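Analysis of the macromolecular model
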Amino acid sequence: MVVHKYKEGFLMKLHFYGADQCVTGSCHCLEVNGKRILIDCGLQQGRDEIDNHELPFEPNSIDYILVTHAHIDHSGRIPMLIKHGFKGQIWTTRLTARLMEIMLVDSAYIQMSDAEYDNRRNQRAGRPFVEPIYTVEDAMRTMAYVHTCEYDQEIGVCEGVTATFTDAGHLLGSASITMELHEGNVRKTIVFSGDIGNINQPIIRDPVLLKRADYVVMESTYGDRNHQEVWSYTSELAKVIDRTLGRGGNVIIPAFAVGRTQEILYFLRRIKQEHLVKSVNDFPVYIDSPLASKATTIFCGDLRGYLDEEALALVKGGVDMFSFPGLRLTESLDESKMLNADKTPKVIISASGMCDAGRIRHHLKYNLWRKECTIVFVGFQGPGTLGRTLLDGAPVVKLFGEEVAVLAEIENFKGLSSHADRDHLIDWAKSFTRPTHFFVVHGDREVAPYFADTLIRLGYSAHAPQYTEVYDLASNQMLERGYLPERRVITPAGKVSVPYQRLVAVGKLLQEVISRSKGRANRDLGNFADQIKMLIDKWEA
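With that settled, the discussion passes to the pairing of strand β12 (residues 251-254). Remember that side chains alternate between the two faces of the sheet whenever the strand is regular. Of the two faces of β12, the one lined by V251 and I253 and the one lined by I252 and P254 are each fully buried. In this sheet, strand β15 (residues 347-350) lies alongside β12 in parallel orientation, the contact comprising four bridges. Paired with V251 across the strands is V347, a residue of β15. Bridge count for β12 against strand β16 (residues 374-377) is two bridges, and the pairing is parallel. For V251, the partnering residue across the bridge sits in β16 and is T374.

In structure tokens, the structure reads:
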């Protein structure tokens, strides 16, 4: 690991330390007037992960951190900086600070749990123990360094540097950050987009279009495609719920605990209010995520300056946007397990949104093989994640060491995204008046260069930086080339042998035969059941 240190003699350097031709681990560093300012410091996830335990800089060399929003791929390594000596100021919006507080503690529990699991295996294998990336104590100490501001409030970060947070429309509290830089006789304006939100989302406002910048560091998650147009998410979701509950199944919705879960609750309140589900009156809805429950409490708090007009009107009218008859919260693991023992058709919303961790994996284990159930995806599924594997049509996946057949209906609400699509990213970029250069980040290595080329064809100067690239903003030139780290090899969960696929097909046939056997003679049914049981006992012996 190359650790980059401050070099004298260059003005206003920009370092690319994460989310460079990948979609997680956002981290960029400005050097101005001898100070080092991080913009985000997120966890790497999925195949983007290089090594979350290592950083390409010394944590105690950082003076300030500005946080665009609370999602873990933008904030998730900040407690690691605290652990290793950061003692500067962290600036973000008021609501981002509140969401970070619960999300970083939740992330710390995951880090500690993962380390405990790894160490049990390491002990059996005679390998050295590993430490968690950070602990709950580190996460809690982080908040002592946090300072908050409101949208459009200019803050003095340090000598020669100011920052203004404007609404990015991605998540409550999310922001693009405009920074005015002044060193010697050089003045530059740079904008960090953060994650740019989709338009016409419920609850939150559309992204603010900015006009003035010399440099723009811009995300490109959906830079190569547009979202699928859906006339009404409420009615489409109601149809899925109606037909699934009508056949006795459960609707399982993997959703990120912060933002997406509350958006789904917003739709479900309308579905209940308008009686759009006819098959099961007053169907139960469970939020099975302690983090989502805490986040929903924050979403019900003081949201002045953050809501869109429709949501603001509901609040002024005394409407609870995220509550309705039949909504239940589960806290303990025992309560979570009971959901799968209960045969009542229900809707379960659980994290994580890409199905790589959390309680959602247990719900998938108990519902994926049931053809009467439906799994509804409502957000981006990263390459190499279980969610992407299911969307790609895997016939079988592995959960907790056990292969599970995928018989449930799989639904993908493609347009339901908190990220702007290609056309809206272009609109956001075109709002600037003659910027010097666009740095295109936060997009896969197949996407970020494509979107940079799109901007070039529109007449702009742009490129997609690589990891550890260094750029001199004063002279508008690259100082050091970066590199593309080797991607993690993630074995597709659905890649199984042909004989196993035959076995799954026979299993489906057996289920169909059982379904058609209703009403036949009891003796015949009993004999058939005994024969199947004998085969199972022989196989398991």
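Another aspect to go through is the sheet that holds β12. Pairing in this open sheet of six strands is parallel, and the strands run β14-β13-β15-β12-β16-β19 from one edge to the other. Where the open sheet ends on each side, the last strands, each with one partner, are β14 (327-329) and β19 (409-412). For this sheet, the mean angle separating the axes of adjacent strands, direction not counted, is 20 degrees.

Compared with the 46 Å implied by 1.5 Å per residue over 32 residues, the 47 Å span of helix α3 (residues 94-125) between its first and last C-alpha is a close match. When the local axis directions of α3 are compared, the greatest deviation, roughly 25 degrees, occurs at M100. Following α3 by one or two positions, G126 adopts a phi angle in the positive range, close to 75 degrees.

Bringing the sheet that holds strand β9 (residues 175-183) into the picture now. Strand order in this open sheet of seven strands is β7-β8-β9-β10-β11-β20-β21, and the pairing throughout is mixed. Sheet topology places β7 (154-158) and β21 (462-463) at the edges, where each strand pairs with a single neighbour. Judged from the five bridges that link them, strand β11 (residues 215-219) and strand β20 (residues 437-441) form a sheet pairing that is parallel. Its bridge partner being in β20, M218 is matched across the sheet by V440. Contacts from helix α12 (residues 422-430) reach β9, β10 (186-192), β11 and β20, with the element oriented near 165 degrees to β11. The sheet strands contacting helix α13 (residues 448-457) are β11, β20 and β21, and the helix crosses β20 at an angle near 155 degrees.

Let us look at the pattern of salt bridges. A side chain with one charge can pair with a side chain of the opposite charge if their charged atoms come near. Applying the stated criterion across every chain yields a total of 21 salt bridges. For E263, the salt bridge goes to R260, with nearest N and O atoms at 3.3 Å. With E263 and R260 both in helix α6 (residues 260-273) and three residues apart, this pair spans about one turn of that helix. The shortest N-O distance in the salt bridge between K346 and D342 comes to 3.9 Å. Using a relative accessible area of 0% as the deciding quantity, one classes K346 as buried. Relative accessible area serves as the criterion here: at 29%, D342 is assigned to the partly exposed category. Here the residues in one salt-bridge network are R243, R247, E409 and E411, joined through shared partners.

So, about the packing of aromatic side chains. Scanning all chains against the criterion turns up 14 aromatic pairs. Ring geometry for Y467 and Y483: centres 5.6 Å apart, planes at 70 degrees, overall edge-to-face. Remark: Y483 occurs in the loop between β23 (477-480) and α14 (498-516) and Y467 occurs in the loop between β21 and β22 (470-472); sequence separation between them is 16 residues. Taken together, F16, Y215, F439 and Y471 form an aromatic cluster joined through their ring pairs.

The amide bond that connects A351 to the next residue, S352, takes the cis arrangement and shows omega of 10 degrees. Checked against the element boundaries, S352 lands in the loop between β15 and α10 (360-367). We note that A19 has phi near 60 degrees; this positive angle belongs to a residue other than glycine. Relative to the assigned elements, A19 resides in the loop between β1 (13-18) and β2 (27-32). Unusually for a residue other than glycine, H275 sits at a positive phi of about 55 degrees.

Rules behind the numbers
- Residues numbered from 1 in each chain as written.
- Predicted model: local features only at pLDDT ≥ 70, side-chain atom pairs only at ≥ 80, totals over all residues.
- Heavy atoms only, no water.
- Buried < 20%, exposed > 50% of the residue type's maximum accessible area, 1.4 Å probe, protein only.
- Helix = DSSP H or I, 4+ residues; strand = E, 2+ residues; numbered from the N terminus.
- Pairing = 2+ DSSP bridges.
- Axes fitted to C-alpha atoms, helices over the stretch in contact; angles between N-to-C directions.
- Expected span 1.5 Å × (residues − 1).
- Bend = angle between axes of the 7 residues up to and from the residue.
- Contact = heavy atoms within 4.5 Å.
- Salt bridge = Lys/Arg side-chain N within 4 Å of Asp/Glu carboxyl O.
- Phe/Tyr/Trp six-rings, centres within 6.5 Å; stacked < 30°, edge-to-face > 60°.

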